[in-house]
Amino acid sequence: MRDIAVVSFAQSPCVAANRRDDMAGFLLPVIRDAVQQAGIDRDQIDFFASGSHDFFEGRTFAYIESLDAVGAWPPISESHVEMDAAWAFHEAWAWLQLGQGDIALVYGIGRGSLPRDLDQVLPAQLDPYYLAPLRPHRHALAGLQARALLDAGRTSEQQLAEVVSRSLAAAVANPAAQKSGAFSVAELMAAPYVASPLREHDVAPCGDAAAVVVLAAGDTARRLADRPAWVRAIDHRMDTHYPGSRDLTRAESARIAGARAAELAGFAGYDVDVAELHVQYSHQEMILADALGLTGALINLSGGPLAGNPMTATGLIRIGEAAAQILDGRAGRTLAHATNGPALQQNLVCLMSTDPA
Amino acid sequence: MSAEPGPPLPQPITSVKSPFRMDYTYVAGAGRSVFLRGLAERKLLARRCPGCSQVYLPPPEFCSRCLTELEAPFELDGRGTIATFCVVSFPFPGQTIEAPYVVAHIHHHGADTRLMHLIGDVAPDEVRIGMEVEPVWVGEDQLTTSMTSIRHYRPTGVAIGSESTRA
Ligand SMILES: [Zn+2]
């Protein structure tokens, strides 16, 4: 295995809606920022990988527009995933492992504000025979999951409010956060439900932002960063498409991805200082902390997705935030988690460390 | 010898109705907005890259080769030459113009990129690469921030020579 590290991370502020910039316009400053932090010129980048989804943009091959911000002339080597850009990160890591080059740039674009009504769009990700025709409300499956978790005695509405209160307080220090502030648990619990037992603040606020992570191998990484965030392991697993055949109170695919990553990394969830979890809803923090064995980690110090959720960039931002903890010398071992699909169907786990091996 | 026939298949379900309707907001972006607003005023606005001097029509916000913001927009007179064209001869669903008709890449005088539009007021078999054309704008009441503000391009009657002979 090659030693591969994150050497820089940048993101644009999460906003409810950006009506000024097209995809290229709001990606370009973020690419500039990440490339400048790494101290490289873009012609030194061997590979580009990105993640976004046409269903948020309303056009086929919408991401092609973003290549204008990459500088695709002369022609470059690039790839795109139609899902969260954390999976593009995985592809770039594998590409570097194969020895195809030394520097890769990964970007994610979240444009959750473009669909006028997410209830028109999100059912399209569901099973087309049994679920999509029912047109469940965008939070319906998460509501079922949260209710099952409460019924199993694994959490309470008070604990959900505590997760939100802690996340939004942490987000005050994050200039990219869309939501932040000091909210008491009592204040949060007085809010109305959107999909009982979930309240509006239990839901990650969908919006717009772009994120960029630069990866480099071996001595190149050592040259580009003082404290590279070495990717010690990355793994992803997926569960069945039909939520009715899963135990929604468990994230078995997250558990397996975490166990496999721990095997590769030589350390596990209970060894990390900091974890960034892709929680689309507050109750998912408990499910993921259980699945990944996060007994001692500080969770979502950035505020996490409950403070800003540019869908399809949100997972990559978790990797960027967990890497930044190491790049800035604030943590020694970190875990990043990303998810895709309804109710934690697909899960990716990335373990990073100040040490390459 | 023939294989043992299996149990009969159930009558297959051949369709399930699940019509999706999705409404989107389209964000034109800063660069496109400049160009589209120009069209509503019968103006073709181009922009030059300060890095490589390429003149874009239509112009994005920044040069996709240099990643540099383009300079201030300036107006072109609209005339240009046909860089390449094709004759659309077949009907298809959603077609708004009656076939046959001509679609062309137009190389505007003073621009380095090509703009795609229709060629009209001329028989398709008389269209040539290198032919000079000019825009035919719609009436005042139909002008809008859209390519449809130009009905089509028509020959000016001046032959300039083929694309390959241009510098
Ligand atoms: Zn240029």
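Reading guide: rules and limits
Residues numbered from 1 in each chain as written. Chains lettered and ligands numbered in written order. Predicted model: local features only at pLDDT ≥ 70, side-chain atom pairs only at ≥ 80, totals over all residues. Heavy atoms only, no water. Patch = residues over 30% accessible without salt bridge, like charges linked within 9 Å, V, L, I, M, F, W, Y side chains within 5 Å. Areas by Shrake-Rupley, 256 points an atom, 1.4 Å probe, with all protein chains shown as cover. Salt bridge = Lys/Arg side-chain N within 4 Å of Asp/Glu carboxyl O. Helix = DSSP H or I, 4+ residues; strand = E, 2+ residues; numbered from the N terminus. Donors = N, O, S within 2.8 Å, 3.2 Å for Na, K, Ca; no water. Tetrahedral: all angles 85-135°; square planar, octahedral: opposite > 155°, others 65-115°. Buried < 20%, exposed > 50% of the residue type's maximum accessible area, 1.4 Å probe, protein only. Contact = heavy atoms within 4.5 Å. Buried area = accessible area lost by both parts, 1.4 Å probe. Polar contact = N/O pair within 3.5 Å; in protein donor to acceptor, adjacent residues only side chain to side chain. Phe/Tyr/Trp six-rings, centres within 6.5 Å; stacked < 30°, edge-to-face > 60°. Pairing = 2+ DSSP bridges. Axes fitted to C-alpha atoms, helices over the stretch in contact; angles between N-to-C directions. Core = buried A, V, L, I, M, F, W, Y, C linked by side-chain atoms within 4.5 Å.

This part takes up a nonpolar patch on the surface. Nonpolar side chains collect at one region of the surface, where Tyr129, Tyr130 and Tyr242 of chain A together with Ile13 and Val16 of chain B lie side by side and expose about 610 Å² of accessible area between them. With respect to the helices and strands, the residue Val16 of chain B is situated in the segment before α1 (29-39).

Moving on, we get to the coordination of the zinc ion. All names here are of chain B. Those protein atoms acting as donors to the zinc ion are Cys49 (SG), Cys52 (SG), Cys63 (SG) and Cys66 (SG), and they sit at 2.3 Å. Of note is the zinc ion, whose four donor atoms meet at the metal with angles of 106 to 113° in an arrangement that counts as tetrahedral. The exposure class of Cys66 is partly exposed, given its relative accessible area of 28%.

This part takes up the pattern of salt bridges. This structure, assessed with the given rule, holds 29 salt bridges over all chains. Across the pair Glu69 of chain B and Arg32 of chain A runs a salt bridge, and its minimum N-O distance is 3.3 Å. Taken as a pair, Glu69 of chain B in the loop between β2 (55-56) and β3 (74-76) and Arg32 of chain A in helix α1 (residues 23-38) lie in two separate chains rather than in one. Close ionic contact of Asp239 of chain A with Arg246 of chain A constitutes a salt bridge, the shortest N to O distance being 3.9 Å.

Moving on, we get to the interface of chain A and chain B. Each partner contributes residues to the interface: chain A has 35 residues there, and chain B has 22 residues. Considering only the surface of chain A that becomes buried against chain B, Asp68, Gln120 and Arg135 of chain A emerge as the three largest contributors, covering 22% of it. Taken together, chain A and chain B are joined by three salt bridges. A salt bridge links Asp22 of chain A to Arg32 of chain B; the nearest nitrogen and oxygen atoms lie 3.2 Å apart. Where chain A packs against chain B, one counts 13 residue pairs in polar contact (both at pLDDT 80 or more).

Under the counting rule described, the total for this entry stands at three aromatic pairs over all chains. Ring centres 6.0 Å apart and planes at 80° place the aromatic pair Tyr130 of chain A and Tyr242 of chain A in the edge-to-face group. Residue Tyr130 of chain A is located in the loop between α4 (118-121) and α5 (140-151), and its partner Tyr242 of chain A is located in the loop between β8 (229-238) and α9 (252-265); the two are separated by 112 residues in the primary sequence. The class of Tyr130 of chain A is exposed, set by a relative accessible area of 58%. With a centroid separation of 6.0 Å and 55° between ring planes, the pair formed by Phe90 of chain B and Phe92 of chain B is classed as tilted.

For the rest of this paragraph, the subject is the sheet that holds β8 of chain A. Residue and element names in this part refer to chain A. Strand order in the open sheet made by the 10 strands is β3-β2-β4-β7-β1-β8-β12-β11-β9-β10, with mixed pairing throughout. At either end of the open sheet lies a strand with only one pairing partner, and these are β3 (78-81) and β10 (298-299). In terms of strand pairing, strand β1 (residues 4-11) meets strand β7 (residues 208-217) through seven bridges, oriented antiparallel. From the neighbouring strand, Ala10 faces β7, where its bridge partner is Val212. Its contacts with the sheet put helix α10 (residues 284-292) on β10, β11 (333-340) and β12 (346-353), and the angle it makes with β11 is roughly 125°.

Residues and elements named next belong to chain B. Counted residue by residue, strand β5 (residues 101-108) has seven buried out of eight residues, so it is predominantly covered. In the sheet, strand β4 (residues 80-88) pairs with β5 via eight bridges, with the strands oriented antiparallel. For Val88, the partnering residue across the bridge sits in β5 and is Tyr101. Where β5 folds back on strand β6 (residues 115-119), the antiparallel hairpin that results is connected by six residues, among which Gly110 adopts a positive phi of roughly 95°.

Residue and element names in this part refer to chain A. With 74 residues, the main nonpolar core has Val6, Phe89, Leu105, Tyr107, Leu215 and Met352 as its most contacted residues. With 10 residues, the single largest contributor to this core is α1. Excluding anything up to four places from it in sequence, Val6 contacts Phe89, Val213, Val214, Leu215, Pro228, Ala229, Val231, Ala323, Leu327 and Met352. Core analysis: the next-biggest nonpolar cluster, separate from the first, contains 42 residues, Leu150, Ala161, Leu168 and Ala204 among them.

Residue and element names in this part refer to chain A. With nine of nine residues buried, strand β4 (residues 103-111) is to be regarded as a mostly interior element. Where burial is concerned, the two faces of β4 agree: the one with Ile103, Leu105, Tyr107, Ile109 and Arg111 and the one with Ala104, Val106, Gly108 and Gly110 are both buried. Relative to β4, strand β2 (residues 47-51) is paired through five bridges, and the arrangement is parallel. By the bridge assignment, Ala49 is partnered in β4 with Val106. Pairing of β4 with β7, which is carried by nine bridges, proceeds in the antiparallel orientation. What sits directly across from Tyr107, in β7, is Val212.

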